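Residue-level structure breakdown
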Amino acid sequence: MDSFLEDYEEAPAVVVGGKRRRRRRRRSPATQAALQPLLHLPFLPPQPVSSNEHKSNFKKSKEACLSYIQDALLQKQWKRAAEFLTCYVESLEKDYSREHIGPSEMIWRIGTEILWHHSQSRMKEFSCFMEQMKTLGVKRYLKVCLEHVFHLLCNGQIDEAYQNLSLAESWRFGEQTAIQDKEIKLIQAYRGLLDYCSWSKQKKILLEHGEDGFADLAVEQEMHSYFRKAAVNLKEIIKIPGVWDVFVKCYVDILHDIVPSHELMIDFNTMLQKSKKRKKRQLGLEVIFAALDYAGWKENAKAWSCLARQVKQIVISEKHLDWIKQEWSSRKDWWPDFHFSRYLAKRNWQENKSLSHEKALVAGILLGKDCKYFKYVSHQGCKAQLKRFRMLKKFVTRHNPVYLRISGPPDCSVQR
Amino acid sequence: MDEEDTRDFNERCAQCSEVNWGLTDGGRFYCRSCHNVTERTREVVNTDFITNSRVQTISKGSKKQEKNDGGCEWYICEGFQLVLKKQVEALEALGVCPQMKDEILCNFWRCYLQKSKQAYCKRPAGETVKTLSVCESSTDVDSDPERPSLLHLLSLSESEGDLQTDCSFASSVSKVSESTSVYSGSVDGSLYLMKNQKEKLRMTMPMTLSFCYLALLWVREPITLSELLRFVVEGHIPYMNVFQHFPEKMKLCGLDLKIFCVESWPEYKEVFNKMHELAAFLDLPRFPDITESCFLHPDMLCMKYLMEANLPDELHNWTCRVVKKIGIGEVDFLTLTPGNKSTRKVKYDVLAAAVIVVVLKLLFLLDDHYEWLLSEFAEERNKNNTEGGPYFEFKKWYEVVKHSLDVEQKKLDEEKAKYLWRCEKPLFYSVKNKSKVLKRRQMVVNLQNQFGKLSGSVQRAEKPNPSSFQLSWSEENTDGSCFHGHSLKGVLQEKCGLLTVMNPDYWLCTVKLCNEKLCGHLAHYREVEFPQSYHFVLGLFSFLLRIQPSYIHDEVCMIEHRLFNKKLCKKLKYNTVLRKMKRPKTSSIKPI
């Protein structure tokens with residue numbers, strides 16, 4: 001019996017009585033690691049205390065309560081979470097707002113989760129709860145509003161969401177309005193988004209009803225008002241640096257419909273060209289063609305380079321020539337005179353060689369190498385011994401047959 | 001009646017110059033000749049808030065004023081008196097003898113009031129309240145350098161300071177002008193907090209429990225301090241929000257909250273120490289003897305705890321022997337003699353638990369090896385055991401008890417997390433933040449309703465009936481989960497006609513005891529340094545008594561040192577090594 005006991009070495013702490021020196025045991029690495037402060041995830045409070053903790057008081061009791069709520073949430077036990085939250089809410093009466101995340105914020109976030117997921121919870125109760133949360137903290141007011149709006153949108157209640165957004169937008173509270181600037185911008189952005197939704201709905205109605213006349217006017221007016229509201233908000237948003245893709249798309253969509261010649265179209269086209277989705281790239285082509293329909297863009301080298309790039313790419317890949325065909329079919333009657341006249345060729349060459357280069361490429365592809373514009377520019381370019389023009393000539397010559405496919409059945413009026 | 005009341009008032013009437021006064025219903029003087037009503041009011045001695053006749057003379061030195069909100073003047077000690085009254089009534093409801101209230105506790109209380117000069121003496125401390133009463137002095141608080149600033153007063157407290165930060169009005173102290181209600185609802189709230197604690201043993205909420213326990217000890221009621229505190233936590237004895245039972249007229253606000261609103265459960269050590277301080281302060285004589293038939297005697301308490309811990313009754317023999325050997329069953333050791341500094345302050349419940357732990361160590365060694373071996377041995381013997389009761393197997397006992405303990409501990413932890421600290425009565429520090437407090441309270445109630453509905457069918461458990469036993473084991477259970485009747489023969493051996501333990505060894509919890517006066521402990525307990533079985537056993541009693549394991553560990557060390565005193569003196573060294581004690585054959589414990 002002794003032998004196994006001899007191996008057993010356990011050293012209780014000993015204090016040398018007389019001299020008050022204390023021999024500390026050197027801590028093992030394991031113990032040391034255990035003594036490091038625990039890693040806290042941003043939202044989670046520290047670990048729960050055992051019931052043997054020294055002082056049993058309000059603060060510790062609520063911390064323990066919070067960790068029970070946490071566990072319940074993670075395990076999706078909504079009833080249990082609600083039960084503990086009922087006990088936690090009284091810490092509102094001791095909300096000093098000194099901690100990083102105070103009780104009111106905790107209650108807001110936890111309550112939202114529970115009410116959203118609990119089977120017996122209704123949207124009405126949810127809204128009621130959010131209204132209460134809005135009164136709890138001025139500094140969070142707009143955030144709470146936004147979250148409320150998000151939830152309403154997820155639930156399909158667009159109108160309520162819109163109302164809340166308008167209400168929130170008109171909120172003023174001294175300094176806080178300036179401090180919560182970002183939230184206001186977001187609110188405006190989302191309002192703009194909802195306006196856009198309404199606008200597109202109206203547009204759809206308009207298109208569906210066709211030429212109804214009287215009914216159209218009212219709808220059209222409404223549409224325009226939505227457009228105005230949306231445009232204002234969305235424009236503001238885009239000015240702020242940030243990732244605004246959704247909003248930009250909506251904005252541009254509106255503008256594309258109403259103001260196709262808007263300067264954003266170029267960027268839009270660029271954006272769309274890069275997209276991996278075919279539809280988007282097609283849309284890009286559409287957009288740039290539409291933009292160049294307008295006199296304002298006639299001399300814009302960038303616009304032409306966009307078009308040239310896309311056309312070139314399509315021709316090289318030999319895919320989607322039908323896109324060009326589609327766009328060209330409505331334009332082949334007037335574009336040649338509008339953009340590709342001999343006079344313009346001379347002028348472009350004199351004033352802006354890059355412009356003429358891009359235009360020549362487009363002309364060459366669309367009208368063939370024998371068209372006036374291309375012939376003049378490439379001739380001039382080769383005479384001037386500019387490399388890129390030589391390459392241009394080679395390219396167009398090589399792909400000459402394409403224009404036939406694009407132009408459709410040969411029409412003697414086209415060829416000059 | 002008018003004659004009497006207006007006798008003192010001898011001024012001439014402003015209108016008719018006569019001295020013929022009467023009193024209106026509102027207490028104002030009016031001239032009976034010309035019916036001119038003056039602004040002078042009669043000083044009214046308002047006695048109807050004195051709820052019991054025990055307090056007969058609390059001298060009120062300062063001028064009385066009826067406050068606008070219908071409140072009255074009240075002193076902190078009156079508040080405490082109400083608290084004590086409520087507590088002792090609750091104890092009576094639990095079955096304590098009625099003499100405790102009327103004869104013992106109230107006498108203790110009167111004695112305390114007298115000794116601390118709050119009442120029953122010639123010049124009560126209430127007189128000095130005048131100088132601090134704001135209504136009479138300057139309007140600007142900050143201008144008086146001697147008056148303690150409010151922030152200073154707020155910081156003077158042993159509480160954690162939760163209430164301190166609650167004071168939103170503390171920042172606006174400079175704007176305070178002449179209303180007394182900002183400081184405290186009571187007359188002497190600020191004075192109370194300012195008093196030098198050590199001089200006069202200032203009354204606190206935990207101290208009310210010390211009073212109760214002192215009285216219980218005097219009548220030798222079968223309630224230990226740990227039980228008393230457990231009843232408090234379970235809500236059978238008012239403590240946490242007892243101020244909500246104060247009469248309407250006693251308005252509680254400002255610094256009163258700091259005194260009466262506690263935000264932590266009373267701690268055993270604090271209540272215990274205060275109790276002894278109090279006993280000395282009151283100059284009490286030696287308490288009634290605690291003899292072997294008394295509930296608080298270690299033999300009795302050990303029996304109770306053995307039952308509750310589901311241990312065999314046979315262990316009781318062993319505990320009695322240990323008690324006898326180290327002399328902790330002596331009347332002089334157990335009885336409280338206030339003021340006698342040489343006698344050790346006895347924690348009856350902790351002591352009994354520690355004795356059981358020591359006995360378990362004697363029989364089973366509890367070093368994470370031996371007890372399991374013994375258990376297997378007993379199991380073997382049990383297979384062949386046909387007559388009599390089964391032999392006690394440590395392993396089985398451990399499994400059963402651990403399971404129950406875990407369940408109960410989990411329940412307790414959840415209860416603690418779910419505890420609702422606030423009560424219906426709103427608390428506000430000043431009239432200014434009253435509306436804010438009420439609004440918040442309303443919101444809290446709304447949220448509680450809303451989420452309460454979503455809690456499903458889970459109802460808040462009714463307050464459990466007060467019970468002396470937290471774990472109960474029935475012998476009628478056929479699943480063998482009750483070990484009371486089990487025999488220890490499985491772990492004993494026969495030697496020279498005597499039954500002795502098979503275990504020849506023992507390990508001390510500590511080689512040398514700490515100096516309690518220096519660091520407050522006899523030893524320092526760290527879970528990692530001791531065997532798991534020992535930790536489990538400590539944990540079991542720690543749960544039953546609702547105290548820290550380290551308290552029990554301290555007592556265990558003390559008992560061991562008494563038990564092995566002679567051996568220790570010989571072999572004491574300054575190294576930190578586990579000592580293996582060979583028990584000399586002569587001191588083997590004999591069976592009956």
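Use the structure listed above.
A brief look at the structure comes next. Quick caveat: nothing in here was measured; it's all calculated off a predicted structure.

This paragraph deals with the overall build of chain A. Helix and strand content of chain A: 22 helices and zero strands. The buried share of chain A, reckoned over its 416 residues, is 46%. Pairs at least 24 apart in sequence give 61% of the contacts found in chain A among residues at least 6 apart. Within the structure as shown, chain A displays about 23,500 Å² of accessible surface, and the carbon and sulfur contribution to it stands at 53%.

Right, let's get into helix 22 (residues 549-563) of chain B. With 15 residues, helix 22 of chain B extends 21 Å between its outermost C-alpha atoms, agreeing within 8% with the 21 Å of an ideal straight helix rising 1.5 Å per residue. Among the 15 residues of helix 22 of chain B, 14 are classified as buried, and the element is accordingly described as predominantly covered.

Turning our eyes to something else, we now look at the pattern of salt bridges. Inspection of the entire model under this criterion finds 27 salt bridges over all chains. As a salt-bridge pair, Arg441 of chain B and Glu93 of chain A come within 2.6 Å of each other at their nearest N and O atoms. Of this pair, Arg441 of chain B sits in helix 19 (residues 434-454) while Glu93 of chain A sits in the loop between helix 4 (78-88) and helix 5 (103-117), which puts the two residues in different chains. Both residues of the pair, Arg441 of chain B and Glu93 of chain A, belong to the buried class. Residue Glu408 of chain B pairs with Lys411 of chain B through a salt bridge whose shortest N-O separation is 3.5 Å. Of the two residues, Glu408 of chain B and Lys411 of chain B both sit in helix 18 (residues 394-418), three residues apart, roughly one turn of that helix. On the basis of relative accessible area, Glu408 of chain B is assigned to the partly exposed category, the value being 23%.

Turning our attention to the packing of aromatic side chains. Residues and elements named next belong to chain A. Summed over the entire model, instances satisfying the criterion amount to 46 aromatic pairs over all chains. Plain terms: the ring middles of Tyr68 and Phe84 are 4.9 Å apart, the flat faces sit at 5° to each other, and that makes the pair stacked. In this pair, Tyr68 is assigned in helix 3 (residues 58-74) and Phe84 in helix 4, connecting sequence segments 16 residues apart. For the residue pair Tyr68 and Phe84, the accessibility class agrees, reading buried in each case.

On to the nonpolar core. Counting 151 residues, the largest nonpolar core has Tyr112, Phe211, Leu214, Phe260, Phe541 and Ile552 of chain B as its most contacted members. Top element by residues in this core is helix 16 (residues 348-364) of chain B. It accounts for 15 residues. Summarising the domain contributions, this core has at least three residues from each of domain 2 (74-120 + 200-284) and domain 3 (298-410 + 480-578) of chain B. Listed in part, the 64 residues of the second largest apolar core include Ala189, Leu292, Trp323 and Leu367 of chain A.

Right, let's talk about the environment of Ala353 of chain B for a bit. All names here are of chain B. For Ala353, the location among the structural elements is in helix 16. Ala353 sits 202 residues away from Glu555 along the chain, and the two C-alpha atoms are 8.7 Å apart. Filtering out sequence-adjacent residues up to four positions away, Ala353 remains in contact with Tyr305, Phe541, Leu545 and Ile552.

A separate point is the packing of helix 5 of chain A against helix 19 of chain B. Viewed as axis vectors pointing N to C, helix 5 of chain A and helix 19 of chain B meet at an angle of 35°, and their least axial separation amounts to 12 Å. Regarding helix 5 of chain A and helix 19 of chain B, the two cross each other, and that crossing is left-handed. In this structure, helix 5 of chain A contributes Ile107, Gly111, Ile114 and Leu115 of chain A to the contact, and helix 19 of chain B contributes Leu447, Gln450, Phe451 and Leu454 of chain B. Class assignment of the residues belonging to the contact of helix 5 of chain A with helix 19 of chain B gives a composition of six nonpolar, two polar and no charged.

Take unusual backbone geometry next. All names here are of chain B. The phi angle at Asp283 is positive, at roughly 55°, despite the residue not being glycine. Take Asp283: it is sitting in the loop between helix 12 (268-281) and helix 13 (298-308). Its relative accessible area of 58% is what places Asp283 among the exposed residues. Backbone geometry places Leu366, a non-glycine residue, at a positive phi of 55°. Tracing the backbone shows Leu366 in the loop between helix 16 and helix 17 (370-384). Assessed through its relative accessible area of 0%, Leu366 is described here as buried.

Criteria and cut-off values
Within each chain, residues carry numbers counting from 1 in the order of the written sequence. Here every chain gets a letter starting at A, and every ligand a number starting at 1, in the order they are written. For a predicted model such as this one, the threshold for reporting local features is a pLDDT of at least 70, and the threshold for listing and counting side-chain atom pairs is 80 or more; totals across whole chains, interfaces and linings nevertheless cover every residue. Excluding hydrogens and water, the side-chain values take into account all heavy atoms of the structure. Strands here mean DSSP runs of E at least two residues long; helices mean DSSP runs of H or I at least four residues long; both are numbered from the N terminus. Relative accessibility decides the category of a residue: with a 1.4 Å probe and only protein chains considered, values under 20% of the type maximum give buried, values over 50% give exposed, and everything between is partly exposed. Every residue pair with non-hydrogen atoms within 4.5 Å of one another is taken to be in contact. Using a 1.4 Å probe, the Shrake-Rupley method yields the accessible areas, and only the shown protein chains count as cover for residues. For a helix, the expected span equals 1.5 Å multiplied by the number of residues minus one. Salt bridges are defined as contacts in which a side-chain nitrogen from Lys or Arg sits within 4 Å of a carboxyl oxygen from Asp or Glu. Two aromatic rings from Phe, Tyr or Trp, using only the six-membered ring of Trp, form a pair when their centres are within 6.5 Å; if the ring planes differ by under 30 degrees the pair is stacked, by over 60 it is edge-to-face, and anything between is tilted. Working definition of a nonpolar core: buried Ala, Val, Leu, Ile, Met, Phe, Trp, Tyr and Cys residues. They are joined through side-chain atoms within 4.5 Å. The split of the chain into domains comes from an automatic or database domain assignment. Helix axes are fitted to C-alpha atoms over the stretch in contact, other axes to C-alpha atoms as well, and angles between N-to-C directions run from 0 to 180 degrees. A crossing counts as left-handed when the near helix is turned anticlockwise from the far one by less than a right angle, and as right-handed when that turn is clockwise. Three classes are used: nonpolar for Ala, Val, Leu, Ile, Met, Phe, Trp, Tyr, Cys and Pro, charged for Asp, Glu, Lys and Arg, and polar for all others, with Gly counted as polar.

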